Each structure stands twice: as structure tokens, then as C-alpha cells.
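# Descriptive analysis of the structure
Single-letter residue listing:
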Amino acid sequence: MKKSILFLLCFCVYTSFAQFKYPPTKKVDSANTYFGVTYKDPYRWLEYLKDTSVVSWFQRQADFSNAILNKLNGRDELIAEWKKLDKLKPSAITGIIYENGRLFYKKTMPGEAVGKLYYRQGENGEETLLFDPLTYISGKTLSVQSYVPSFDGHLIAIAYSQKGAEVSVLKIMNVDTRQFLEDEIYPSRGAESWSLDNKSVLYLSLKTADNTDPKARLNTKTKLHVIGQDTSKDIDFFSSASYPELHLEARAYPYILVDEDNPGYIFAEPNTVQRDLTGYYAPMPGPSSGHIDWKVLCTPADKLVRSMGVIGGTVYAITHDNAKNYKLISTPLNNVDWKNAKVIVPEKTDETLELFVRTKDYLVLHYSNGITDRLYKYNLKTKKTEELKLPISGNLTIFRLNCFNTKTNKCLVSFVSNLKPTTEFELDAATGNFSPSIFNHPAAYPDAYNHLIEKNVEVKGHDGVMIPLTLFYREGTKLDGKNVCLMDSYGAYGVSMSPYFFVYEVSLAVKNDVVIALPHVRGGSEKGQAWYMAGYKTTKPNTWKDFNSCAEYLIHEGYTEPSRLSGWGTSAGGILISRAITERPDLYAAAICNVGCANAMRLEFSANGPVNIPEFGTVKDSIECRALYEMDGMQHVVKGTKYPALICVGGWNDPRVVPWEPAKFAAAVQNASSSGKPVLMKVNYDNGHFTEDKNVEFANYADQLAFVMWQCGHPDFQLKNN
């Protein structure tokens, strides 16, 4: 760095290992021994987030990071561009729920920080504002986390929170008067269903609002609250405590569903991240019923995933049993037998069944090959399936599929691509016709956003498997090896990197000539169940090795060079990016570990950790323990290694990836790297795992992207001169 900059940042010095004098991070003699192997954990003390010394450490790291980030050219310009584009978008209506002729939805106007809750009588009725989270509590920006209207449409349960905490206050509003009743429940994860008589609401109760408590999310309960009754009298409706005979896992969230289309039954799902579903059902209990006689609807052994629905006494579900690309099957509800289930729509060889939704007379089926999507309809009467001709073409994702009124054959279908923002249509499943939606209209961005090129290639992986890779960049970009390039991927839970208009990356391509690369690594579902299982637990190394193989391809083919290449991993993608750079630090100039799982061996000891054991494993199992070690970025940091520049980001209110995970990784790299490149631990005190607040989100992403652009030598993103 220039001397003037070093003088400006008076805390920066040259040492034997780094140019930066980071806030000191002590090491402690902490370790765990599992199955005869000892794993050192010198930064274990950072896990105690209520300890004043830990709070102080995070604050010093935040101050250190902000002092640098605030001096970057180009950062504020990113925010300005995103705000300009946001104001060009029409209003966005999402989450439409239909009850008794009334439509309830969240609507965000151009330039608004968060969405507000509205309703209207019928699709074309006058719009009425129900709840404004910007003004409800003076001086605070709230966010509507969820809302569930009663079946008669006269009451609505609204859950709101702030600063991304995902711990909600649940209140009941009279829709006709737009006034809240006295009922207030806290802490909760929001409402699940109403009773059919509209007098009670079922909600998920949390034991504590403390997201740092490792036991906060264990043995949670669905409770039943009678409107107008003191919450201390709420009934434990479904939990491991109320139904010990079901042997519900402590880590599972015990959800309940009451479905007006199936009024004779009630359904329950102990939910974790495990893709194979577990479910129960029972005859609808009366108001004075006591213990419910639950029957098994499905277990993980049935291999049911993604979607399930009950229509006219028949259960429909998606399975991967002898179907790596998934198929649709059914069984009678009065005699559930998945081993002898009827095949409704067979597996397709070239695309995977993503989900299905129902209309009055049809099932609408969503398929994908990982690059582009298709729709089919299955006629519930004729039992015939036919493909629907989509109104637009190209590489696209069906982003939303909402058939909110099952008494009609209409659905809202939202299409999106990497290069084009969301366009919404109304589908008439009976005719197959698409027409423009009355709710949402496409954005009109400047002409420069119409001049991008998208390419889809396949890259040979470390084991010979071909890895799909999507690229996009501005027309006229020279493939001379000198381009700044940003790679972004995920690779977990079977979530695919499907086409999506991510404005932050698109604007970098348009305004700053950055090449964007999206590897479709194993651990997603681009190629079906087998692709997911090839990046799962013991096979997880394929996830980051695929990412690194794509990096090598980008360099070899002249898209970029190591000094101009950066990688981005978010959440479970923290495993990907932390292991990609610890295994091949030579490939990258910079990396972002955004609210990332970078200390996988300790994940299960956080509040949200147990629920993720089905995806990543547990240290209590000898094989899974070793797999977790392989996933753990912090465990693979080696002193004296020339690591790329790194920015780790933690949300102080994050209930999903507790901030000490990225913090421990940042601390390890700060103390170990010999490259002299900066390693920052950015702390978002007004954020959680994410936030709806656009102002907070814009600032957060601008810091991350400006940092890696700076470290890749982009001329638009350099430290300001003083």
C-alpha cells in the first residue's frame, strides 16, 4: 500500500506476516477429541457472545473494517446505482393469500425500504393498507415476517420483527377496523394456521428470543391461542412434550397445517432441513378434544421431497425413490401405502421435477434442467399430462408459482433470468393461456442493461465429472485474461443456482465490466438427486473442488487471472468459499464469506445448528465427524500461507449462522496469512442472516463487493487519496 494510505490508516503496519495491524485476537488452549483425534480450537472463546471481552472484540473488528471500507472509491456509487434501479421498478406485490373473497399481500413501492401489508376485496377491488412497519413504532424499521388471515378473512395474524432477528412479535388484527386486538405473543416464529371456526390461531412458540442460546431452538412447540384469552393459557398443541410417543427430534420445528380444502383432517410436519419428509395426519379434532391420535403420513424412508398435497382424499407427492430426477406419485389418504403408490407422472430423463401446485381441476408441474424451466399440467379428471407453452423463451427460472385460489384454474407465474428481471403472468390452466398479471409489471431498466452476453459451458471437475458453469458479461468484453471476475455459488440443501436477476452482480457487469461466473457445483440439484448427494456430508469436498475447477477454467480460457479473480459464498456457501481458498489460495485475489458457515465442526453447538445435522452431520458420528472436519474452513487455516484478501461478514442478530462462525475464520486468517492482503471481519449490527430493509442491504452488499473489486485491482474501486 502507498505510504499516504498507511498514514491515513494509522493502525496499518508492516509485519512479518501482514501489512495490517489488526485488533489483537488471543488464542486459548481449547480442543475437542473425537474418536481418538484431537481438534484444536484456539478461538473457542469468541463463541461466548455475551462476554464483554467478546463484545469488545467484535466492536473493534467492526471499527477496523469500517475505517477501511469507508475509504473505498466506488462503494457509494454502487449504492447510488442500486437505488436508481430500485426506483425504476414498479411496485412489487408478493405473498398473495386468498381467503373468503379477500386477497392479502405485501406490497413494496419503488424506493421503499420494506414492504407494507394490504388487502383488497376480490382481484380488482380497492386496495386497503393494513399494516405499515415503517411507522408502527416511531424510530424503528420493522419487517413483516409472516401473516396468516383467518378463513373468513376478518382477522389476520401478523408477525413482525426488526434488525433481521427472525424472532417475531405476533399480533392479531381485525381486518374490518384495521385495529390490533389486545392479543400479543412473543417470542414466536409466527402463525401457522387458524382453526376452522376462526376463533383460535396456531403458532410456533420459541422458548427465548436469545439467538445466542444453543438450546433456544430445541424442543419448540406449536401452541394454540384462543383469541381474547390470556397467552399464559395457550395450549401445547403439538410438540415432543405433548406427544412423546411420536419420538419427535428435539431439533425439529413441529408445524401444524389446517387446510380449508381438507376440513376433515389436520396435518403435522416435524420440520428440519432434511429433504426427505416426515408427516402425520389425524381426523380434525373437536374444540374439546384432548389427545390427538396421530397417524403416520410419511417417513424419510418413503423418500418424499419438495411438494405434497391432499386433494379429494388422495395424497400427491414427489419422490426420488428409483427416480433420480423425481416423479409424481399418489396414495389414498385412508390407506397410505407409499411402497405401492401409483405413478401419476413418470420421471423425465432430461429435467427434474421441482414442485407442483393445485388449481380447481389441475396440478401445475414445474420442471427444470438447471438452466431453464418448463411447466406442465396434469388434468385431475382425464389423468393426462401436457406441456404448457411459455409466454417467453430463453434461459429462465419460474421464480414464483402461486395458485392462490383453488376454486379457480388461475395461477400467477413469475419468470426471471440472469439478465432480465421478473416478469409475471396469469396462467389459465384450463386453456393454457398466459396473460399479463394485474398485480406485477416488469421493470424498465436503462438500455445498457440490455447488452449482456450469457454463456453456459461445462467444466471438467477434479474427478472427471462435468460441472455446469454459467457466465455473463458486457458485450464487447475481451477475453484477454485481464478481466476482473466474480464467482458466486452455494452447493447445499439441494438448492440449485437457477437463473435469477441478482441486481448487485448484474450492475457490476453493466457498469464496471466485471465478468460474473456462477458454477453449478455438486450439492445443488441441477442434475437431480444424485447431484445433490454428490455434495453431501462425506462427498461434500466435491462442492468446493467443483468451484476451484471452474476457477481454473476461467483462468485457462482467458476470462481472468488469479490476481483479478474473487469468490463469494453465503450462508452454507461459507463452507464452499472457506474451503476453496484454504485448499487453493493461489487461485484467488479475494473472497467473501458472507454470514458463512466457516466452522462446521461447531455448527451443531449453535442455536440453529441441531436442525442442520441432517444436511451436514454430527461430531457424535465417527464418519460424519471426519466429514465435518473436511468442511471446516477454520480448521484448515495454516500459518504462513499466502491467503487471498478476505472479508467475512456476520449479522449480529443472525439466528441461522451465528456470527462467531465467520468471526473465528477471520481471526484465524488474520493471524496466519503471509500474503499481506487485508482480512476484515465486518459486523452488521442492524442485520441478521439477511434483512428486508433495502437501505441496510444496499450498504452491506456495497461493502462486500467494493472490497473484493479493490483487491482485484479494479480501477473504479481504490482507496481514496487524502
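This report concerns the structure included in the present document. Remember, it's a predicted structure, so these values are computed and weren't measured experimentally. (Residues numbered from 1 in each chain as written. Predicted model: local features only at pLDDT ≥ 70, side-chain atom pairs only at ≥ 80, totals over all residues. Heavy atoms only, no water.)

### Digging into the environment of Ser168
With respect to the element layout, Ser168 can be found in strand 9 (residues 168–174). Through-space distance from the C-alpha of Ser168 to that of Pro187 is 5.8 Å; in sequence the pair is 19 residues apart. Beyond its immediate stretch of four places on either side in the chain, Ser168 contacts Gln145, Ala159, Tyr160, Ser161, Ile185, Tyr186, Pro187 and Ser188. (Helix = DSSP H or I, 4+ residues; strand = E, 2+ residues; numbered from the N terminus. Contact = heavy atoms within 4.5 Å.)

### Details of the sheet that holds strand 11 (residues 200–205)
The pairing of strands in a sheet happens through backbone hydrogen bonds and is either parallel or antiparallel. Within the open sheet, the 7 strands sit side by side as 7-8-9-10-11-12-13. Their pairing is antiparallel. Of all the strands in the sheet, just strand 7 (142–149) and strand 13 (235–238) have a single pairing partner and so form its edges. On average, each strand axis in the sheet is tilted by 40° relative to the strand beside it, whichever way the strands run. As defined by bridge partners, strand 9 adjoins strand 10 (residues 179–194) across 5 bridges and the pair is classed as antiparallel. The partner of Met173 across the bridge, within strand 10, is Phe180. (Pairing = 2+ DSSP bridges. Axes fitted to C-alpha atoms, helices over the stretch in contact; angles between N-to-C directions.)

### Considering the side chain of Ser578
Note on placement: Ser578 falls in helix 7 (residues 573–583). According to the relative accessible area criterion, Ser578 is buried, its value standing at 0%. Not counting residues up to four positions away in its chain, the partners in contact with Ser578 are Cys597, Ala598, Met631, Gly633 and Phe665. (Buried < 20%, exposed > 50% of the residue type's maximum accessible area, 1.4 Å probe, protein only.)

### A few points about the state of the cysteines
Applying the stated rule across the entire model yields 1 disulfide. Disulfide pairing is shown between Cys403 and Cys411; the S-S distance is 1.8 Å. Between Cys403 and Cys411 the sulfur-sulfur dihedral comes to about 95°; the bridge is accordingly right-handed. What makes Cys403 buried here is its relative accessible area of 10%. The cysteine Cys485 is free of any disulfide, with Cys712 supplying the nearest cysteine sulfur at 8.5 Å. Of all cysteine sulfurs in the structure, the one in Cys648 sits closest to Cys593, which takes part in no disulfide; the separation is 4.6 Å. Cys593 sits in the buried class, given a relative accessible area of 0%. (Disulfide = S-S within 2.5 Å.)

### Details of the pairing of strand 34 (residues 565–570)
The buried fraction of strand 34 amounts to 5 of the 6 residues, a majority that puts the element mostly inside the structure. Alignment of strand 32 (residues 485–489) against strand 34, held across 5 bridges, turns out to be parallel. Note that in strand 34 the partner of Ser489 across the bridge is Gly569. The parallel pair strand 34 and strand 35 (residues 590–594) is bridged by helix 7, and the resulting crossover is right-handed. (Right-handed = clockwise from strand over helix to strand, strands pointing away.)

### Examining unusual backbone geometry
Cis geometry marks the peptide bond from Tyr186 to Pro187, where omega comes out at 0°. Although it is not a glycine, Lys163 sits at a positive phi angle of roughly 55°. Mapped onto the elements of the fold, Lys163 is located in the loop between strand 8 (155–162) and strand 9. For Lys163, a relative accessible area of 45% translates into the label partly exposed. Phi is positive for Tyr493, which is not a glycine, with a value near 60°. Take Tyr493: it is sitting in the loop between strand 32 and helix 4 (503–512).

### Structural notes on helix 10 (residues 660–672)
Its 13 residues place the ends of helix 10 18 Å apart at the C-alpha level, agreeing with the 18 Å of an ideal helix rising 1.5 Å per residue. For helix 10, a buried count of 12 out of 13 residues is recorded, marking the element as mostly surrounded by other parts of the structure. Burial in helix 10 covers these residues: Trp660, Glu661, Pro662, Ala663, Lys664, Phe665, Ala666, Ala667, Ala668, Val669, Gln670 and Ala672. Each element contacted by the buried residues of helix 10 is listed here: helix 2 (52–69), helix 7, strand 35, strand 36 (645–651) and strand 37 (679–684). (Expected span 1.5 Å × (residues − 1).)

### As for the packing of aromatic side chains
The geometry of an aromatic ring pair is captured by two quantities: the separation of the ring centres and the angle between the planes. With the rule as written, the count across this model stands at 45 aromatic pairs. Grouped by ring-pair contacts, the aromatic residues Trp82, Phe399, Tyr500, Phe502, Tyr504, Trp568, Phe698 and Tyr701 constitute a single cluster. Against the face of Tyr118 rests Lys107, its NZ or CZ located 5.6 Å from the ring centre. In this arrangement the basic side chain of Arg522 is found over the ring face of Trp531, its NZ or CZ atom lying 5.8 Å from the centre. (Phe/Tyr/Trp six-rings, centres within 6.5 Å; stacked < 30°, edge-to-face > 60°. Lys NZ or Arg CZ within 6 Å of the ring centre and 35° of its normal.)

### Regarding the sheet that holds strand 32
The sheet built from 8 strands is open, its strands ordered 30-31-33-32-34-35-36-37 with mixed pairing. The sheet is open, and its two borders are formed by strand 30 (452–460) and strand 37, each paired with just one other strand. Between one strand and the next, the sheet's axes are offset by a mean angle of 20°, whatever the strand orientation. Examined bridge by bridge, strand 35 and strand 36 share 5 bridges and lie parallel to one another. Directly across from Ile592, in strand 36, lies its bridge partner Ile647. Contacting strand 30, strand 31 (466–474), strand 32, strand 33 (515–519) and strand 34, helix 6 (residues 541–556) crosses the sheet at an angle of about 160° to strand 32. Against the sheet, helix 7 contacts strand 32, strand 34, strand 35 and strand 36, and its axis sits at roughly 145° relative to strand 34.

### Looking at the pairing of strand 12 (residues 221–226)
The sheet contact formed by strand 11 and strand 12 spans 6 bridges and is antiparallel. Each residue of the ladder has a partner; that of Leu204, found in strand 12, is Thr222. As judged from the 3 bridges shared by strand 12 and strand 13, these two strands associate in the antiparallel manner. What sits directly across from Leu224, in strand 13, is Ile235.

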